[in-house]
Amino acid sequence: MPLVNMKDMLAHAYGHGYAVGAFDVVSLDFVEGVMTAAERSRAPVILSLAESRFEHYDFELLMSAVGAAARRSPVPVALHLDHGTNMESAVRAIRFGCNGVMVDTSHMTLGENLAATRAVVEMAHACGVPVEGELGYVPGVEGEDAERHPGPLAYTTVAEAKGFVERTGVDFLAVSIGTVHGRLKGKANLDFPRLRSINQALGIPLAIHGGTGLDDDQFRRLIAKGVAKINYYTALTDAAGAAICARVKSAPGAGYAALVRDVSAAISTEAERCMRVWGSAGRAAEVMSHCRPWGPVEHLILHNVVGISEKEAAVMIAEGQQVLGAIPGVREVVTGRAVKEGAQYRYCWLVRFAAPEVIDSYREHPAHVLFANQRFRPVAEGRISIDYALEGA
Ligand code: 13P
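Bear in mind the structure is a predicted one, so any value in this text is a computation, not a measurement. (Residues numbered from 1 in each chain as written. Predicted model: local features only at pLDDT ≥ 70, side-chain atom pairs only at ≥ 80, totals over all residues. Heavy atoms only, no water.)

**Q** How should I be thinking about the overall build of the chain in this particular structure?
**A** Regarding its fold elements, the chain presents 15 helices and 14 strands. Taking 2.2 N^0.38 as the reference for a compact globule, 393 residues should give roughly 21 Å; the C-alpha atoms of the chain span a radius of gyration of 23 Å, in line with that estimate. With the C-alpha coordinates of the chain rotated into their principal frame, the extents come out at 75 × 55 × 40 Å. By the burial criterion, 52% of the 393 residues in the chain qualify as buried. Across the chain, every contact between residues at least 6 apart in sequence was considered, and the portion connecting residues at least 24 apart equals 74%. (Helix = DSSP H or I, 4+ residues; strand = E, 2+ residues; numbered from the N terminus. Rg over C-alpha atoms; globule rule 2.2 N^0.38 Å. Buried < 20%, exposed > 50% of the residue type's maximum accessible area, 1.4 Å probe, protein only. Contact = heavy atoms within 4.5 Å.)

**Q** So what exactly am I meant to see when it comes to a nonpolar patch on the surface here?
**A** Residues Ile-384, Ile-386, Tyr-388 and Leu-390 make up a contiguous nonpolar surface patch of roughly 320 Å² in combined accessible area. Mapped onto the elements, Ile-384 comes out in strand β14 (residues 380-389). (Patch = residues over 30% accessible without salt bridge, like charges linked within 9 Å, V, L, I, M, F, W, Y side chains within 5 Å. Areas by Shrake-Rupley, 256 points an atom, 1.4 Å probe, with all protein chains shown as cover. Salt bridge = Lys/Arg side-chain N within 4 Å of Asp/Glu carboxyl O.)

**Q** Can you walk me through the side chain of Asp-8 in this structure?
**A** Here Asp-8 is to be found in helix α1 (residues 6-16). Polar side-chain contacts of Asp-8 include one of 2.8 Å to the backbone nitrogen of Arg-292. Leaving out residues up to four positions away in the same chain, Asp-8 has contacts with His-290, Cys-291 and Arg-292. (Polar contact = N/O pair within 3.5 Å; in protein donor to acceptor, adjacent residues only side chain to side chain.)

**Q** Would you mind showing me how to read the sheet that holds strand β9 (residues 206-208) here?
**A** One key point about sheets: their strands pair by backbone hydrogen bonds, in either a parallel or an antiparallel sense. Taking strand neighbours around the barrel as the criterion, the eight strands line up as β1-β2-β3-β4-β5-β7-β9-β10 in a closed arrangement whose pairing is parallel. The sheet shows a mean angle of 25° between the axes of neighbouring strands, direction not considered. Across six bridges, the pairing between strand β2 (residues 45-50) and strand β3 (residues 77-84) is parallel. Its bridge partner being in β3, Val-45 is matched across the sheet by Val-77. (Pairing = 2+ DSSP bridges. Axes fitted to C-alpha atoms, helices over the stretch in contact; angles between N-to-C directions.)

**Q** Whenever I open this one, the site of the ligand confuses me. Can you help?
**A** Around the ligand, a shell composed of 15 residues is seen, among which Asp-82, Gly-182, Gly-210, Thr-212 and Thr-234 lie nearest. His-181 is positioned with one of its side-chain polar atoms (N or O) 3.3 Å from an oxygen atom of the ligand. Coverage of the ligand by the protein chains reaches 100% of its 310 Å² of free accessible surface. According to the grid-proximity analysis, the pocket containing the ligand is the largest cavity. Among the elements of the structure, β3, β8 (181-183) and β10 (227-232) are those that each provide at least two residues to the shell around the ligand. Within the shell around the ligand, the residues separate by chemical class into three nonpolar, nine polar and three charged. (Near = heavy atom within 4 Å. 1 Å grid on protein atoms, 1.4 Å probe; cavity = no way out; pocket = protein on both sides within 12 Å on 5 of 7 lines; lining within 4 Å. Sits in = over half its atoms within 2 Å of the grid points. Nonpolar A, V, L, I, M, F, W, Y, C, P; charged D, E, K, R; others polar.)

**Q** Where do I start with the environment of Lys-7 in this structure?
**A** By the secondary structure assignment, Lys-7 is in helix α1. Separated by 12 residues in the primary sequence, Lys-7 and Ala-19 place their C-alpha atoms 13 Å from one another. Those residues in contact with Lys-7, other than ones at most four positions away along the chain, are Pro-130, Asp-171 and Phe-172. In terms of polar contacts, Lys-7 uses its side chain to reach the side chain of Asp-171, at 2.8 Å.

**Q** Honestly, α1 in this entry has me stumped. Any pointers?
**A** The periodicity of an α-helix, 3.6 residues per turn, causes residues three or four places apart in sequence to face the same way. Along α1, the positions that sit buried rather than exposed are Met-6, Asp-8, Met-9, Leu-10, His-12 and Ala-13. Capping the start of α1 is the job of one residue whose side-chain oxygen sits 2.9 Å from the backbone nitrogen of Lys-7: Asn-5. Following α1 by one or two positions, Gly-17 has its phi on the positive side, about 70°.

**Q** Is there a simple way to think about helix α11 (residues 263-278) in this case?
**A** Between its first and last C-alpha, α11 extends 23 Å over 16 residues, near the 22 Å set by a 1.5 Å rise per residue. Taken across its 16 residues, α11 has 12 buried, putting it largely inside the fold. Listing the buried residues of α11 in full gives Val-263, Ser-264, Ala-266, Ile-267, Ser-268, Glu-270, Ala-271, Glu-272, Cys-274, Met-275, Val-277 and Trp-278. In this fold, the buried residues of α11 make contact with β1 (20-24), α2 (28-41), β2, α8 (216-224), β10 and α9 (234-250). Immediately downstream of α11, the backbone of Gly-279 shows phi near 85°, a positive value. (Expected span 1.5 Å × (residues − 1).)

Have a look at this one:
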């Protein structure tokens, strides 16, 4: 079960002077390519899903695939929401299985960014999920020419970063020191003294967005100054595009499967190159032993009902599925009825929590308190409820 706590993973990278790649994946070819690279180079890895790409794929479906890829992998993996737009995005990402979230409100005023990020931190920490904030503005658009969407770059300042981290409680900070999302023309002009000062002031893992186009020396200098997470996408999509174009040339008129045949290998080659440059290659075993495993808790309830009919019980249960399923950190609410008449307990609920932290935050959540006190407890006779951490899940 090599899904691991992302905070532990990045603490290890930060403490040992290397960076974990956070690769944005947009299809199964990307998932397979990045995982093959991580497994071949024995690297911890972050599979990142950027909200700006959700128009190209079904977030929930791809999350099922990245979850499955992580669970069967021998290397430690974290699943991250990249550039989420708001609180709802973060809640949904945790529900689908992300164990790290970024809500990017860096385009707002400092005060708005601070308030929005702090609210996300409160919600996510109650689910055991670490949060990446962004301060300053990294312009450009992933997967496109950086110059086409320059926007005004806003550098992260040391003083603002210190206040931001203290007041929001973010676990990692994405900083703007000269990188740009997308394809670069020429060499990026990075402000290393600024990065060093931010790192000295904060002492938490820093993230760099816009990894594409930086050279090996720049990467090493970024990592030496506190960067423990590097976001990377455009170079992967370009490698994928080049593989398809080569197939179009060599096999005109070929169908979909033939055209995408080399995509995963091309992505894998580029991702593995990065893992070796960034120093995450060969770290999988250490990271695995250092990090807490990440896994769900099953909240099991068994009960009978008194004073209401089966029909009324069904209405109450359907209401519970909806209300409880919306609580942050709840991944799923499944209910059932005993197959045999006369079973000791007629009804069961399986409420899947994202992590053990949710046991407390769920119990205290106003929606749960209201439903439990007004709808459930008055009629749920002889109920038992136990939280299980699943083994071998
Ligand atoms: P690039 O596409 O420039 O590699 O940036 C990726 C990124 O920062 C995703 O958040």
